[in-house]
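Fold and contact review
Each chain is listed here by its residues.
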Amino acid sequence: MMRHFFLSGRVIAVATAVAFLAGCTTFSKDGGFNSVSTVASERLGKDAVMVKTDDDRNTVTERTQELLSRPLSMDDAVQIALLNNRGLQASYGELGISEADFVQAGRLPNPGFMFSRTHGSGDLSINRSFTLGLLNILTMPLATRIESQRSEQTKLLVADAMLKVAADTRRAYVSAVAAEQAAAYAAQVNDSAEAGAELALRMQQAGNFSKLDYAREQAFYADAVTQLARTRQQSVSAREKLTRMMGLWGADTQYKLPEHLPDLPKTRPELNDLESFAMQNRLDIQAAKVQTQSVASSLGLTQATRFINAVDVGYQNNFTTSDGHQQGYEISVEIPIFDWGGSKVARAEAIYMQSVNRVAETAINARSEVRESYSAYVTDYDIAKHYRDEVIPIRKTISDELMLRFNGMLASVFELLSDSRDQVGAVNSYIDALKEYWLAETDLQQALGGRLPPLSMALAPPAPTPQPPTQPASPTDSEGK
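These figures come from a predicted structure and were not determined experimentally.

Okay, the overall build of the protein next. The helix and strand inventory of the protein stands at 13 helices and four strands. Here the protein holds 481 residues, and 39% of them are scored as buried. Intrachain contacts of the protein at a sequence separation of at least 6 include 80% that bridge at least 24 residues. As displayed, the protein offers around 27400 Å² of accessible surface, 55% of which is attributable to carbon and sulfur atoms.

Here we come to the pattern of salt bridges. Under the criterion given, the structure shown has 18 salt bridges. Between D76 and R70 there is a salt bridge, with the nearest N and O atoms lying 3.3 Å from each other. In this structure, the salt-bridge partner of R282 is D284, at a minimum N-O distance of 2.7 Å. Via salt bridges that share partners, D168, R171 and D443 belong to a single interconnected network.

This part takes up helix α9 (residues 274–281). Of all the eight residues making up α9, seven are buried; the element is thus mostly covered by neighbouring parts of the structure. Every buried residue of α9 is accounted for by L274, E275, S276, F277, A278, M279 and N281.

On to the environment of Q286, then. Mapped onto the elements of the fold, Q286 is located in helix α10 (residues 283–304). For Q286, a relative accessible area of 25% translates into the label partly exposed. Contacts of Q286, omitting those with residues within four sequence positions, involve R43, L156, Q280 and N281.

Looking now at the packing of aromatic side chains. According to the stated counting rule, one finds five aromatic pairs in the structure shown. An angle of 75° between the planes, with centres 4.9 Å apart, marks the rings of F33 and Y92 as edge-to-face. Placement of F33 in the loop between α1 (2–23) and α2 (34–44) and of Y92 in helix α5 (residues 86–105) is noted, with a sequence separation of 59 residues between them. The same class applies to F33 as to Y92, namely buried. A connected cluster of aromatic rings, assembled from ring pairs, spans Y374, Y377, Y381, Y437 and W438.

Now for empty space enclosed by the protein. Taken as a whole and judged by the stated rule, the model has one cavity of 30 Å³ or more. What the largest cavity holds in volume is close to 60 Å³. Along the walls of the largest cavity sit L44, L163, A166, A167, R170, T442, Q445, Q446 and G450, which together make up its complete lining. Within the residue set of the lining of the largest cavity, elements represented by two or more residues are α7 (140–205) and α12 (413–447). In terms of residue class, the lining of the largest cavity is made up of four nonpolar, four polar and one charged.

Across the interface, α5 lies against α7 with an axial gap of 8 Å and an inter-helix angle of 170°. Overall, the two elements α5 and α7 adopt an arrangement that is roughly antiparallel. Its residues assigned to classes, the contact of α5 with α7 shows eleven nonpolar, six polar and five charged.

Looking at where S98 falls in the secondary structure, it is placed in helix α5. Side-chain polar atoms of S98 contact the side chain of T154, separated by 3.4 Å. Beyond its immediate stretch of four places on either side in the chain, S98 contacts R150, S151 and T154.

For the rest of this paragraph, the subject is the environment of D252. Locating D252 in the fold gives a position in the loop between α8 (211–246) and α9. Given a relative accessible area of 22%, D252 falls into the partly exposed group. Distance in space between the C-alpha atoms of D252 and S69 is 9.8 Å, their sequence separation being 183 residues. Discounting residues that sit within four places of it in the chain, D252 has contacts with Q65 and L68. Within the structure, D252 has its side chain in polar contact with the side chain of Q65 (distance 2.8 Å).

Glancing now at the nonpolar core. In this structure, L72, Y92, M162 and L242 are the most contacted members of the largest nonpolar core, which totals 69 residues. In terms of residue count, α7 provides more of this core than any other element does, 14 residues in total. Sequence-distant contacts of Y92, defined by excluding residues within four places in its chain, comprise F33, V36, A48, V49, M50, L82, V158 and M162. Counting residues in each nonpolar core, the second largest holds six residues, with Y185, V189, A193 and F220 among its members.

Before going further, it helps to examine helix α3 (residues 54–68). The end-to-end C-alpha distance of α3 is 21 Å, a good match for the 21 Å that 15 residues give at a rise of 1.5 Å each. For α3, the full list of buried residues reads V60, T64, L67 and L68. Buried residues of α3, viewed axially, fall in a sector of 90°; they line one side. When the buried face of α3 is taken as reference, the exposed residues oriented beyond 90 degrees from it are D54, D55, T59 and E62. For α3, the secondary structure elements touched by its buried residues are α4 (74–84).

Checked against the element boundaries, T231 lands in helix α8. You can call T231 buried: its relative accessible area is 5%. With residues near it in sequence (within four places) discarded, T231 still touches A179, A182, A183 and A186.

Another point: the packing of α3 against α4. Two elements in contact, α3 and α4, have axes whose closest approach is 10 Å; the angle formed by their N-to-C orientations is 160°. The angle between α3 and α4 places the two elements in the roughly antiparallel class. Regarding α3 and α4, the two cross each other, and that crossing is left-handed. In this structure, α3 contributes V60, R63, T64, L67 and L68 to the contact, and α4 contributes D76, Q79, I80, L83 and N84.

Glancing now at the confidence of the model for the protein. Detail in the predicted coordinates should be disregarded across regions flagged by low pLDDT. Taken over all residues, the pLDDT of the protein has a mean of 78, while the share at 70 or more is 74%. No element of the protein has a lower mean pLDDT than α1, at 47, and none a higher one than α4, at 95. Of the regions scoring below 50 in pLDDT, residues 1–8 engages in six contacts with residues more than four places distant in sequence or in other chains. Confidence drops under a pLDDT of 50 for residues 459–472, and excluding neighbours within four residues, the segment shows six contacts in the predicted structure.

Cut-offs and rules
Residues numbered from 1 in each chain as written. Predicted model: local features only at pLDDT ≥ 70, side-chain atom pairs only at ≥ 80, totals over all residues. Heavy atoms only, no water. Helix = DSSP H or I, 4+ residues; strand = E, 2+ residues; numbered from the N terminus. Buried < 20%, exposed > 50% of the residue type's maximum accessible area, 1.4 Å probe, protein only. Contact = heavy atoms within 4.5 Å. Areas by Shrake-Rupley, 256 points an atom, 1.4 Å probe, with all protein chains shown as cover. Salt bridge = Lys/Arg side-chain N within 4 Å of Asp/Glu carboxyl O. Phe/Tyr/Trp six-rings, centres within 6.5 Å; stacked < 30°, edge-to-face > 60°. 1 Å grid on protein atoms, 1.4 Å probe; cavity = no way out; pocket = protein on both sides within 12 Å on 5 of 7 lines; lining within 4 Å. Points joined across faces, edges and corners; volume = space filled by probe spheres on them. Nonpolar A, V, L, I, M, F, W, Y, C, P; charged D, E, K, R; others polar. Axes fitted to C-alpha atoms, helices over the stretch in contact; angles between N-to-C directions. Parallel < 35°, antiparallel > 145°, perpendicular 65-115°, else oblique. Polar contact = N/O pair within 3.5 Å; in protein donor to acceptor, adjacent residues only side chain to side chain. Core = buried A, V, L, I, M, F, W, Y, C linked by side-chain atoms within 4.5 Å. Expected span 1.5 Å × (residues − 1). Arc of directions from axis to C-beta. Left-handed = near helix turned anticlockwise from the far one by under 90°. pLDDT = per-residue confidence, 0-100.

Shown next, in the form of structure tokens:
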């Protein structure tokens, strides 16, 4: 009896201590969403909302209608997407699932109760037992820590998904505005080509125009008609993609876009130490690191339980008519004769090394993405600036000079039409160059973790070339290679 009391006291003490720890593991008020909204505010300057109630839905609707009441800017489009994109709202559900797993890991396992009643040959037997999984109780603190790390990883991944939705919305916005701008210009070209073809027809009928020149004007008009139809369809497709990203439907799809893309910035800041900035700010790298830590903790749990797979402590209260009441306890333990847990440890170690290599792969790829996107950012800016400052002014000078010659009867109307055809390529190229610049800036922001470096970092002098390390450096180190 003394032995039974001692063991029961130990079990009760352990259960009480773990129950106290379990009481600290509760659901948060925001469901883990505060980390996502903080990222949206700090990196995008926008509000992220998880719609859970009718009040939330009404607030989102009012804010959306306010933004749609004016021509849509790029920032407005991103804000609407953060409020209405249903795929993003679905990803927020991962926060609740992860937090539920974390809370569950801190809950005591339910006890088991068994009752049996048998009789025969005048003998009645009643067995009652109460069992509690001791191994689950002993490993609860470590299991809770593992689930806590997984919850933090989920928060980082969901926040990263939110940044990707914002970046995809910016790309869709740039493409939609550029497509509408190109379609509007194609309509102007079509009108000019139609007028030229009509004039050529009349002059050819009057005998003042050759058949070859007339065919050229007709061919240009036919090509302009085709190009107009193509650009209008491209405009519809680009606009619908933007609509999907913003999660709009019904009357809300009749939003108005500006007539042209934002102007090219006058200057392009020199950005330094971008790889280091990306290593510190990219959420996918942070999530990969947390996952590796979680796997390492899981490996420790596997090593701690490799020999004992199940331990159950039970209290028994039996009764038979011949012997009366019998009380005691039982312990059920698996004996490691055939399986010593080596395969479990080997599997956990393999998973850990797999996670380590994936962290390194994520970091290496991120560094490459930063270099590639920055190169595109610089190149596309220079190309767009060249069109803005060189090509377009030259084309305008040529047009002005031809108009002066036409007014002085030194140039024909068909020379003016020919010059307008030459301008088509230059204007379309500038629209494409401006579009590529804004897309490149978006790609660079995403490669750096959702935002460009602060101005102080952009104006800082380039960092000195680091000396070769004496030991191999991790690709996730903050110093660029």
